[in-house]
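# An overview of the molecular structure
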Amino acid sequence: MESKKNSSRRDFLKIGATATIALPAINLISCKNEVPAIEQNSYTQLGHNRKFPDNFVWGTATAAYQVEGAVNEDGRGVSIWDTYSKIPGKIKNNDNGDIACDMYHRYKEDVQLMKSIHSGAYRFSISWPRVFPNATGTPNPKGLDFYNRLIDELLANGITPYATLYHWDLPQILQDKYGGWQSKETSKAFAEYAAYVTEKISDRVKHFFTLNEFYSFTDLSYGLGQLAPGLKLPIKEVAQVRNNAVLEHGMGLQAMRQVAKSPLEIGVAENIVTAVPVIETKENIEAAKKATRELNAGLLTVMMEGKYTDNYLNSLGPDAPDFTMEELNLIAGPLDFVGINVYLANKYVQAGDNENGFELIQHAKHHPTMASPWHMVSPESLYWAPRLVMELWKAKEIYITENGCGATDELSQEGQVIDTDRVMFLKNYLTQLHRATSEGIPVTGYFHWSLMDNFEWIFGYGIRFGLFYMDYESLERNPKLSAEYFKKVAESNTLL
Ligand code: GBH
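Residues numbered from 1 in each chain as written. Predicted model: local features only at pLDDT ≥ 70, side-chain atom pairs only at ≥ 80, totals over all residues. Heavy atoms only, no water.

### Re the overall build of the chain
On a plain count of helices and strands, the chain comes out with 19 helices and 15 strands. Scaling as 2.2 N^0.38, a compact globule of 496 residues should have a C-alpha radius of gyration of about 23 Å, and the chain matches this with 22 Å. When its C-alpha atoms are laid out on the principal axes, the chain stretches across 75 × 60 × 45 Å. In the chain, which comprises 496 residues, the proportion classed as buried is 60%. Across the chain, the fraction of contacts at a sequence separation of at least 24, relative to all contacts at a separation of at least 6, is 76%. About 19,900 Å² of surface is accessible on the chain, with carbon and sulfur atoms providing 51% of the total. Both charge centroids of the chain, one from 48 positive and one from 60 negative side chains, sit 3 Å from each other. (Helix = DSSP H or I, 4+ residues; strand = E, 2+ residues; numbered from the N terminus. Rg over C-alpha atoms; globule rule 2.2 N^0.38 Å. Buried < 20%, exposed > 50% of the residue type's maximum accessible area, 1.4 Å probe, protein only. Contact = heavy atoms within 4.5 Å. Areas by Shrake-Rupley, 256 points an atom, 1.4 Å probe, with all protein chains shown as cover. Lys, Arg positive; Asp, Glu negative; His and termini not counted. Charge placed at Lys NZ, Arg CZ, Asp CG, Glu CD.)

### Details of the nonpolar core
If you look at the biggest cluster of nonpolar residues, it comprises 139 residues, and the most contacted ones within it are W81, I126, W128 and Y446. Broken down by element, this core gets its largest block of residues, 10 residues, from helix α12 (residues 235-259). Among all residues touching I126, those that are not within four sequence positions of it are A64, V131, Y147, A163, T164, L165, D169, Y193, V197 and I201. If you look at the next biggest cluster of nonpolar residues, it comprises 16 residues, including A61, A269, F337 and W449. (Core = buried A, V, L, I, M, F, W, Y, C linked by side-chain atoms within 4.5 Å.)

### Let's talk about the packing of aromatic side chains
Inspection of every chain in the model, using the stated rule, returns 41 aromatic pairs. On the numbers, 6.1 Å between centres and 45° between planes, the contact of Y399 with F447 is tilted. Remark: F447 occurs in strand β13 (residues 443-449) and Y399 occurs in strand β12 (residues 398-403); sequence separation between them is 48 residues. When sorted by exposure, Y399 lands in the same class as F447, which is buried. Put simply, the rings of W128, F132, Y166, W181, F190, Y193, Y196, F214 and F217 pair up and form one aromatic cluster. Seen from the ring of Y383, R435 lies directly overhead, with NZ or CZ sitting 3.6 Å from the centre. (Phe/Tyr/Trp six-rings, centres within 6.5 Å; stacked < 30°, edge-to-face > 60°. Lys NZ or Arg CZ within 6 Å of the ring centre and 35° of its normal.)

### A look at the packing of helix α5 (residues 103-116) against helix α7 (residues 141-156)
Contact pair α5 / α7: the axes reach a minimum separation of 10 Å and the direction vectors enclose 15°. It follows that α5 is roughly parallel to α7 by the angle criterion. Viewed along their axes, α5 and α7 form a crossing whose handedness is right-handed. When α5 is examined against α7, the residues M103, Y104, Y107, K108, V111, Q112 and M114 are found in contact with a partner set consisting of K142, F146, R149, L150, E153 and L154. (Axes fitted to C-alpha atoms, helices over the stretch in contact; angles between N-to-C directions. Parallel < 35°, antiparallel > 145°, perpendicular 65-115°, else oblique. Left-handed = near helix turned anticlockwise from the far one by under 90°.)

### Details of the sheet that holds strand β11 (residues 358-361)
Read across the sheet, 3 strands follow the order β8-β10-β11 without closing on themselves; strand pairing throughout is mixed. Every interior strand has two partners, whereas the edge strands, β8 (275-277) and β11, have only one. Each adjacent strand pair in this sheet contributes to an overall mean axis angle of 40°, direction not counted. Pairing analysis gives 4 bridges linking strand β10 (residues 347-351) to β11, with the strands arranged antiparallel. Residue pairing across strands places V349 opposite L360, the latter belonging to β11. The strands that helix α13 (residues 282-295) touches are β8, β10 and β11; relative to β10, the one it contacts most, it runs at about 125°. (Pairing = 2+ DSSP bridges.)

### Focus: the layout of surface pockets
For the largest pocket, the calculated volume is near 1,100 Å³. Lining the largest pocket are 43 residues, with Y215, S216, L220, N271 and N346 positioned closest to its centre. For the lining of the largest pocket, the secondary structure elements donating two or more residues are α10 (214-217), α11 (219-223), α13, α14 (297-305) and α15 (310-316). Counted by class, the lining of the largest pocket contains 21 nonpolar, 14 polar and 8 charged residues. (1 Å grid on protein atoms, 1.4 Å probe; cavity = no way out; pocket = protein on both sides within 12 Å on 5 of 7 lines; lining within 4 Å. Points joined across faces, edges and corners; volume = space filled by probe spheres on them. Nonpolar A, V, L, I, M, F, W, Y, C, P; charged D, E, K, R; others polar.)

Structure follows, in structure tokens:
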């Protein structure tokens, strides 16, 4: 018989077969409203339409090195992140991705987690050194098999796979032989790998991202020394690394189209430098547009326009990269959509009485941040980033390929994670996304970063980005309150 105590608990979050968390009797959390009740909430009464467009894609995202673990299994080669994370002092607590979430073995359970929160799409990345342990040459069939199993499992559960071909885990051999992205040899190798994977999986996967976050794996990795391989090269070399990275994207794109089994949708997943008008006047909006173009000149702008801006080349002067017209044409190969990772307003902007027509404004000293020190709270970024991409480059289809926040979540003794910070974050950011879609800005889908807590690069396992809490000892996954929030939004396709 159910004890009185249990039956008085007013709610259970039923998320997946493995995870049911009981909520306390007190009315702390309003998750009782079933979906139809949404129609009666105060916003609809006020006449606001809180629906997202029909067929809006609600998904979750992860990346290979951050979740898979199994780094020495089935013939996987070494990546620069294996090497870098083993250098003492580089990663908080000297954590590494050897085990991570062990998704390599637990992917079936994880697909059920997705299903349980109505994540209708899943953005994952393919580990290049799993598929080609030596970067090129003879593929390792067991490596690709893992992705075949994962894709089949997703499709069997009605979840659309979105594959990213590169999320920073460069085969170490390319770093050793050519200095990684310092050489166009790496761009060529990527095209070979991208074509191979596309040929093998494009019978089932229709959406691809070439590379994730150019700025991170170029500037932050080769210029500022923060991410693997941790180099601090002079600006001329960094500008060349950027050029090689966008070239790699272009070469990959071309190679992928040639081998595709059916028409594919291919795009990028770029952490656009987001400029937000500090006060939304006409002049400041115009300024934010100009700033967006210049702040992304070496990466997204050249991919969209097929040329570097005059400002970019002039400001680099003798440090400008070597490139040819033919390369520029490849770099600007047509995309089916633009994917942007949006976490924050990197810069606030106002109109400026200067040559550029804009001024960048520093964030105030105590501008609030989420748990990651870089993560300035700025929900308007999720409106302005897609709006300016649409206005600047006439993008017809835009995906938010990542958005989310880190927190120092804790599992209570009752097995709950009440992450009010993440729920607050999501409500505010999604309000701005809704503003965008209701104005007709063509955002097709939203991928939450991340499905579950994982290896947060140099921050190790200390900062958690998941909708599911990971117990790194038992590898048990537990839904957080934010998982419930995501689920309700996704299943009703409505802002809550
Ligand atoms: C994304 O990067 C990544 O694609 C993803 O893998 C990652 O887990 C997720 O976001 C959360 O971070 O503190 O000055 O060294 C988001 C963009 C670029 C933000 C690198 C953090 C480090 C800044 N990131 N940046 S710093």
